[in-house]
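Residue-level structural notes
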Amino acid sequence: QVQLAESGGGSVQSGGSLRLACAASGYTYSSYCMVWFRQALGKEREGVAIIYTGGGSTYNGDFVKGRFTISQDNAKNTLYLQMNSLKPEDTAMYYCAAEPRSCQWLLLHSLSPTDFRYWGQGTQVTVSS
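This section reports on the structure supplied with the text. Along each chain, numbering runs from 1 in the same order as the chain's sequence is written. It should be noted that, the model being predicted, local features are given only for residues of pLDDT at least 70 and side-chain atom pairs only at 80 or more, the latter also being counted only at that level, while totals for whole chains, interfaces and linings use all residues. Hydrogen atoms and water are omitted, and side-chain values are computed over all heavy atoms in the structure.

Things to note about the environment of M93
- Counting through the fold element by element, M93 comes out in strand β9 (residues 92-99).
- C-alpha separation for the pair M93 and G9, spaced 84 residues apart in sequence, amounts to 8.7 Å.
- Contact between two residues is taken to exist if any of their heavy atoms lie within 4.5 Å; hydrogens are not considered. Not counting the four nearest positions on each side in its chain, M93 is found in contact with F37, R38, Q39, G122, T123 and Q124. Secondary structure elements are taken from DSSP: a helix is a run of H or I of four residues or more, a strand is a run of E of two residues or more, and numbering for both begins at the N terminus.

Dropping the structure here:
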């Protein structure tokens, strides 16, 4: 069984930082594409950062103009999302998700949330002005 559990959310002032964590169990961590998603009230769920390993190297990227950084600790089987310079527009429920298909395939399909089969329960991030 695959289980994901997010933590680290909370309320912060605009310009502040948070570090989210996602503890994973039940699978070979490095063989999955891992993505952080978020969903704000009234909006579509969107991917915000992605990480994968290939050819002996780890690759990561974000879609929030450089303010977020995704990383993983394979020894601890934990995924992280470092969020800096937070803005009120970042307020959302944040989820980590895992999918055994390649990140390349998932990226070609626009990181559709429906393509990810394993999800955590989410952690709320609220940024106030």
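Additional details are given in the paragraphs that follow.
Re the pattern of salt bridges
- The working definition used for a salt bridge is a side-chain nitrogen of Lys or Arg within 4 Å of a carboxyl oxygen of Asp or Glu. Within the structure shown, the criterion is met by 6 salt bridges.
- Between D90 and R67 there is a salt bridge, with its nearest N and O atoms 2.7 Å apart. Of this pair, D90 sits in the loop between β8 (78-83) and β9 while R67 is found in the loop between β6 (57-62) and β7 (68-73), placing the two residues 23 residues apart along the sequence.
- Put simply, R38, E46, R67 and D90 are held in one network by salt bridges that share partners.

As for the nonpolar core
- Residues belong to a common nonpolar core when they are buried Ala, Val, Leu, Ile, Met, Phe, Trp, Tyr or Cys residues joined through side-chain atoms within 4.5 Å. The rule is simple: take the accessible area with a 1.4 Å probe, protein chains only, and divide by the maximum for that residue type; under 20% is buried, over 50% is exposed, in between is partly exposed. Core analysis: the biggest nonpolar cluster contains 28 residues, and W36, L81 and M83 have the highest contact counts within it.
- Residue assignment for this core shows that the elements contributing at least two residues are β3 (18-25), β4 (33-39), β5 (46-54), β7, β8, β9 and β11 (123-128).
- Those residues in contact with L81, other than ones at most four positions away along the chain, are L18, R19, L20, W36, V48, A49, F68, T69, I70 and Y94.
- One finds V35, F37, C103 and L111 within the second-largest nonpolar core, a separate group that totals 9 residues.

Brief notes about the sheet that holds strand β1 (residues 3-7)
- Pairing between strands is defined by DSSP: at least two bridges between the two strands are required. Taken together, the 4 strands give an open sheet; going across it, the order is β1-β3-β8-β7, and neighbouring strands pair in antiparallel fashion. Each having just a single partner strand, β1 and β7 make up the two edges of the open sheet. For this sheet, the mean inter-axis angle between neighbouring strands, taken without regard to orientation, is 15°.
- Of the pairings in the sheet, the one linking β3 to β8 comprises 6 bridges and is antiparallel in character. Directly across from L20, in β8, lies its bridge partner L81. Here the axes come from fitting lines to C-alpha atoms, over the contacting stretch only for helices, and the angles between their N-to-C directions go from 0 to 180 degrees.

Things to note about the pairing of β1
- Burial along β1 is one-sided: L4 and E6 are buried, and none of Q3, A5 and S7, which face the opposite way, are.
- As paired strands, β1 and β3 are joined by 5 bridges and run antiparallel to one another. Paired with S7 across the bridge in β3 is A21.

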